[in-house]
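# Survey of secondary and tertiary structure
The lines below spell out each chain.
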Amino acid sequence: MHDLSFQKNNMYILLILFFISLLGIVFMIGRKLVLIQNRQSLNEIPAEEDRQFEIHPYIKEVKYITIKNIKKYGHISLVETLRFYIRSSNFLKNKYEEIKIKNIQYRNRLASDLPEKQVSKFLKMISDYKHKIREIKHKIHEEERNS
């Protein structure tokens, strides 16, 4: 509901600005029409009015210089943008590697700080039993080879 009133306010503001600019355009055109009618009645052209409508002879030169500068600064901005992109990507890669290394070191430090878990007595007894059986098997194989 709040958005609807905001949109209405924006619409009113835009309509007011539109009509103000329309009145300004009408005023300027009307003023020029009055000046043109006055010139026709007097049959003389004021010098100041001519300067407003006079097209400069150097427009082609200004256009050429403008295009040349746009190309030059466009190239410079493209190179700087690429340079910034490459530097920032390398910076981010390096920081990522540093953080990754620090993370691994932190995990290792946490793992070394933790007390070792005690193996259950049952599992320890079974592993001891397996070792004893291997030793006995090994001894039996040695006796068979020797005999």
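Residues numbered from 1 in each chain as written. Predicted model: local features only at pLDDT ≥ 70, side-chain atom pairs only at ≥ 80, totals over all residues. Heavy atoms only, no water.

To continue, consider the overall build of the protein. In terms of helices and strands, the protein carries four helices and zero strands. Along the chain direction, N to C, the helices and strands of the protein fall in the order α-α-α-α. The buried share among the 147 residues of the protein stands at 1%. Accessible area for the protein stands at about 15,200 Å²; split by element, carbon and sulfur atoms hold 64% of it. (Helix = DSSP H or I, 4+ residues; strand = E, 2+ residues; numbered from the N terminus. Buried < 20%, exposed > 50% of the residue type's maximum accessible area, 1.4 Å probe, protein only. Areas by Shrake-Rupley, 256 points an atom, 1.4 Å probe, with all protein chains shown as cover.)

Before going further, it helps to spend a moment on the packing of aromatic side chains. The tally for this structure, following the rule as stated, stands at one aromatic pair. Ring plane angle 70° and centroid distance 5.3 Å describe the contact between Phe18 and Phe19, whose orientation is recorded as edge-to-face. Among the residues examined, Phe18 registers a relative accessible area of 47% and is labelled partly exposed. (Phe/Tyr/Trp six-rings, centres within 6.5 Å; stacked < 30°, edge-to-face > 60°.)

Inspection of the entire model under this criterion finds three salt bridges. In this structure, the salt-bridge partner of Arg83 is Glu80, at a minimum N-O distance of 3.0 Å. Residue Arg83 and its partner Glu80 are both found in helix α3 (residues 59–113); the two are separated by three residues, about one turn of the helix. A relative accessible area of 41% places Glu80 in the partly exposed class. In this structure, the salt-bridge partner of Glu98 is Lys95, at a minimum N-O distance of 3.5 Å. One end of the pair, Glu98, and the other, Lys95, are both in helix α3, three residues apart, so they sit about a helical turn from each other. Assessed through its relative accessible area of 36%, Lys95 is described here as partly exposed. (Salt bridge = Lys/Arg side-chain N within 4 Å of Asp/Glu carboxyl O.)

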